[in-house]
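# Close look at the chain arrangement
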Amino acid sequence: MTERRPWPVPLSALAVGVSWGAVALIGASLSLAVGNGLLRAAAFLLAISAGAAAAAVWVHAGRAVSPSVLRSRWTGVVIAFAAAALFAEVLQLFPAFGNALWGRLLAAVLLVAEPTYATAALATALTTAEAVARRAARATGAPAPRPTSLPGVAAILLGSALGGLAAAAWLIPSAPLGSSLLGAAVIAAFAGVFDNRRRLELRVELQDRVAIVTGVGGRGQVGFAVAEALLARGARVVVADISSVVEGLAEELRARGDVESVAADLSRPEGARRVVEAALARFGRIDALINAAGGFPGAVAVADARLEDWTRELERNATTVYAMSHAALPALRESEGSVVSFASKATDRPVAGQSAYAAAKAAVVAFTRTLALEEAEHGVRANAVAPGMVDTEENRRSVSDPESVDWVSREQVADVVAFLIGRGASGVTGQIIGIPARGYS
């Protein structure tokens, strides 16, 4: 299961939009009616503001950091609609309320305050998450992210149109504003239950487990995608990289869950220890280590390569795996956790110009299988993933014709990693899991 499935959350937004659209059209018709027009207009604006609050809550709920936050936000939607329903019923039961001076003053205040609130609530909801992502992108030099709230906004607008049509065809002849608002509250309640269930099903998979993810040095890298996937499943994550840009990326990831960041040279024992110590100081345990640090700098033939090129390639792709695993093992033994490292298909399909890279990844394969044997008695599992060409910005720059490559998506890789550290893979150890772009290869 992956957080990027597009339909469940927009379906919740669609339900909110239906409520909003129906109530808005009913309120508009009542505000034009003869009688307590000012207070009816105020009631209408309450309904509109409730809809805006619902939209705001939905967009924020997409970035909710915990099930309890998600529940509280949906509860706010239901309360907003229910309060507006109560206001409308008071208006119906006590018509003299509309003739009193203080009642008219209250309505006047609502006429000014409610549209301001509605606009501000929705605008804030639509911009907050993207603003955080843009700040992190600027800090790391990564491209600006795509707006994540657009599918939900589209669903809200579509729902509003459907709700308005339903109101015009069925509800307006009897104009039951109070009942309609109460019905909107019920719809919002069901939408909230649906959204909560969907997110709880996703998050319970790794709920409260602590994972270290190395190689989180860019928004377009696979390490960042792995961290996102683990947070979506309820894990608490320590992100690490040699570059200080990891701190800016952690700021964006904190919108999704509990994150700590460490900048350190992971090929050195002291750097690896810093990461482990930071994880233990913040979370008190370590359940998984994901060795995603590494990379491919470009093809160089053996005849043209220098010894320092060979050494650097081994250090960043193989030595980091050893250093981090060695530092984390005591904590992983306590939790009976797991290690997932990144190998490559280059280990069994040689490519000219990749001697150092292939040798480093072959070392990762041998290390993983040996570690699995040695740590079996301590309950620690060790596996590796060997994806095809992963769709990262760095890899796209390294090929002359990116459109000709069968890319493996970062999300595909992240899903496999999440599985390997989860309960469903409790019997899997010492395995090298290939991840081809299309089926078996």
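The structure presented is a predicted model; accordingly, all values stated were derived computationally and were not measured.

Cut-off values and rules
- Residues numbered from 1 in each chain as written.
- Predicted model: local features only at pLDDT ≥ 70, side-chain atom pairs only at ≥ 80, totals over all residues.
- Heavy atoms only, no water.
- Helix = DSSP H or I, 4+ residues; strand = E, 2+ residues; numbered from the N terminus.
- Contact = heavy atoms within 4.5 Å.
- Areas by Shrake-Rupley, 256 points an atom, 1.4 Å probe, with all protein chains shown as cover.
- Axes fitted to C-alpha atoms, helices over the stretch in contact; angles between N-to-C directions.
- Parallel < 35°, antiparallel > 145°, perpendicular 65-115°, else oblique.
- Left-handed = near helix turned anticlockwise from the far one by under 90°.
- Expected span 1.5 Å × (residues − 1).
- Buried < 20%, exposed > 50% of the residue type's maximum accessible area, 1.4 Å probe, protein only.
- Arc of directions from axis to C-beta.
- Pairing = 2+ DSSP bridges.
- Phe/Tyr/Trp six-rings, centres within 6.5 Å; stacked < 30°, edge-to-face > 60°.

## Overview of the overall build of the chain
Check the secondary structure of the chain and you find 13 helices and seven strands. Across the chain, the fraction of contacts at a sequence separation of at least 24, relative to all contacts at a separation of at least 6, is 75%. A total of about 19,900 Å² of accessible surface is found on the chain, and carbon and sulfur atoms cover 61% of it.

## What to know about the packing of helix α7 (residues 222-232) against helix α13 (residues 410-420)
Contact pair α7 / α13: the axes reach a minimum separation of 8 Å and the direction vectors enclose 50°. Here α7 is positioned oblique relative to α13, judged by the angle of their axes. In terms of crossing hand, the pair formed by α7 and α13 is right-handed. Contact residues: V222, A225, V226, A229 and L230 in α7; R410, V413, A414, V417 and A418 in α13.

## As for helix α9 (residues 269-283)
Compared with an ideal rise of 1.5 Å per residue, which puts 15 residues at 21 Å, α9 spans 21 Å between its outermost C-alpha atoms and is within 8% of the ideal. By the burial criterion, the buried members of α9 are G271, A272, V275, V276, A279 and F283. Mapping the buried residues of α9 onto a view down its axis gives an arc of 135°, with all of them on the same face. In this structure, the buried side of α9 is in contact with β1 (210-214), β2 (236-241), β3 (259-263) and α10 (307-335). Phi turns positive one or two residues past the end of α9, at G284, with a value near 80°.

## Regarding the sheet that holds β3
With respect to topology, seven strands assemble into an open sheet ordered β3-β2-β1-β4-β5-β6-β7, the strand pairing being parallel. Of all strands in the sheet, those bounded by a partner on one side alone are β3 and β7 (432-435). For this sheet, the mean inter-axis angle between neighbouring strands, taken without regard to orientation, is 15°. Bridge count between β2 and β3: five bridges; the pairing is parallel. Note that in β3 the partner of V237 across the bridge is V259. In the packing of α7 onto the sheet, the strands contacted are β1, β2, β3, β4 (288-291) and β5 (338-342), and the crossing angle to β1 comes to about 170°. Packing of helix α8 (residues 245-253) onto the sheet brings it into contact with β2 and β3, and relative to β3 it is tilted by some 175°.

## Some points on the packing of aromatic side chains
Any two aromatic rings considered together are summarised by their centre-to-centre distance and by the angle between their planes. Scanning the model with the defined rule gives one aromatic pair in all. With a centroid separation of 6.2 Å and an interplanar angle of 80°, the aromatic rings of Y322 and F367 are classed as edge-to-face. Highlighted residues: Y322 in helix α10 and F367 in helix α11 (residues 355-375), separated in sequence by 45 residues. Owing to a relative accessible area of 46%, Y322 belongs among the partly exposed residues under this scheme.

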